[in-house]
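Each chain, letter by letter, is given below.
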Amino acid sequence: GAGVSQTPSNKVTEKGKYVELRCDPISGHTALYWYRQSLGQGPEFLIYFQGTGAADDSGLPNDRFFAVRPEGSVSTLKIQRTERGDSAVYLCASSAGLLGTDTQYFGPGTRLTVL
Amino acid sequence: DQQVKQNSPSLSVQEGRISILNCDYTNSMFDYFLWYKKYPAEGPTFLISISSIKDKNEDGRFTVFLNKSAKHLSLHIVPSQPGDSAVYFCAASELNDYKLSFGAGTTVTVRA
């Protein structure tokens, strides 16, 4: 079956603009995660959804970042008033969501560049 | 603060030999440990995992060792193959927690 997909694959924007990043998880997966990977670092947790609700948003760096998953499937990560420091690869993952040890399957990521 | 550390940014090994990747962690609440592999322009893919009740887990050419008292784990790849050339991330999570904490990664290059 299809894996996790993310669109766009690349996004270039100007400082101060608003961006939306989309994640389409594996069908039937109830858990969905967003991570951010900066250059030379490992993925850093941002937020985790169980179904439609954000179960843990402790990784969101500030209130410019927001994510939704209105129907429990596709999720959108929204970044307002982008800053150059937001430039990174944004990774989405999904898992069956039954256990914390369920394997997380990652998408290819969206590379965000803020000029 | 970096709770998972991979102190070797890169590793070069000859084809057929053993690759040993190391990972240290500081959070004593971590209960579950994983290794992910990443090729350029792709997302990380799950490789192997180990829970804190075990000290070794093996899957084909890949073996993960866990030393809880030292807060250290390692990944052994034997024998190394050219297709193993990738970035390897160590990750960990606390009991009943879904989010993963990752190390910075080790780039493995397998020489023919």
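Residues numbered from 1 in each chain as written. Chains lettered and ligands numbered in written order. Predicted model: local features only at pLDDT ≥ 70, side-chain atom pairs only at ≥ 80, totals over all residues. Heavy atoms only, no water.

Peer 1: Where do I start with the overall build of chain B in this structure?
Peer 2: The number of helices and strands found in chain B is zero helices and eleven strands. Seen in sequence order, chain B has helices and strands lined up from the N terminus as β-β-β-β-β-β-β-β-β-β-β. At 13 Å, chain B has a C-alpha radius of gyration in line with the 13 Å of a compact globule built from 112 residues. With the C-alpha coordinates of chain B rotated into their principal frame, the extents come out at 40 × 30 × 20 Å. In chain B, buried positions account for 44% of the 112 residues. For chain B, contacts bridging at least 24 residues in sequence account for 54% of all contacts bridging at least 6. Surface accessibility of chain B: about 5,500 Å² in total, with carbon and sulfur atoms responsible for 49%. Each charge class in chain B can be summarised by its mean position, and for the 11 positive and 11 negative side chains these summaries are 4 Å apart. (Helix = DSSP H or I, 4+ residues; strand = E, 2+ residues; numbered from the N terminus. Rg over C-alpha atoms; globule rule 2.2 N^0.38 Å. Buried < 20%, exposed > 50% of the residue type's maximum accessible area, 1.4 Å probe, protein only. Contact = heavy atoms within 4.5 Å. Areas by Shrake-Rupley, 256 points an atom, 1.4 Å probe, with all protein chains shown as cover. Lys, Arg positive; Asp, Glu negative; His and termini not counted. Charge placed at Lys NZ, Arg CZ, Asp CG, Glu CD.)

Peer 1: What am I meant to see in the interface of chain B and chain A here?
Peer 2: How big an interface is tends to be expressed through the accessible area that disappears when the partners come together. The partner chain A presents 23 residues to the 16 residues of chain B that form the contact. Taken as a group, Tyr-98, Lys-99 and Phe-102 of chain B account for 42% of the area that chain B buries against chain A, more than any other trio of residues on that side. Inspection of the region where chain B meets chain A yields one salt bridge. Among the salt bridges present, the one from Lys-99 of chain B reaches Asp-56 of chain A, with a minimum N-O distance of 3.0 Å. Broken down by element, the side of chain B that touches chain A gets its largest block of residues, three residues, from strand 4 (residues 30-38) of chain B. Residues of the side of chain B that touches chain A, tallied by class, amount to ten nonpolar, two polar and four charged. (Buried area = accessible area lost by both parts, 1.4 Å probe. Salt bridge = Lys/Arg side-chain N within 4 Å of Asp/Glu carboxyl O. Nonpolar A, V, L, I, M, F, W, Y, C, P; charged D, E, K, R; others polar.)

Peer 1: Looking at this structure, I do not really get the sheet that holds strand 3 (residues 19-24) of chain A. What am I missing?
Peer 2: Think of a sheet as strands paired side by side through backbone hydrogen bonds, with each pair either parallel or antiparallel. Residues and elements named next belong to chain A. Pairing is antiparallel in the open sheet, where four strands are placed in the order 1-3-8-7. Strands at the two margins of the open sheet, each flanked by one partner only, are strand 1 (5-7) and strand 7 (65-68). On average, each strand axis in the sheet is tilted by 15° relative to the strand beside it, whichever way the strands run. As paired strands, strand 3 and strand 8 (residues 75-79) are joined by five bridges and run antiparallel to one another. Counterpart to Val-19 in the pairing with strand 8 is Ile-79. (Pairing = 2+ DSSP bridges. Axes fitted to C-alpha atoms, helices over the stretch in contact; angles between N-to-C directions.)

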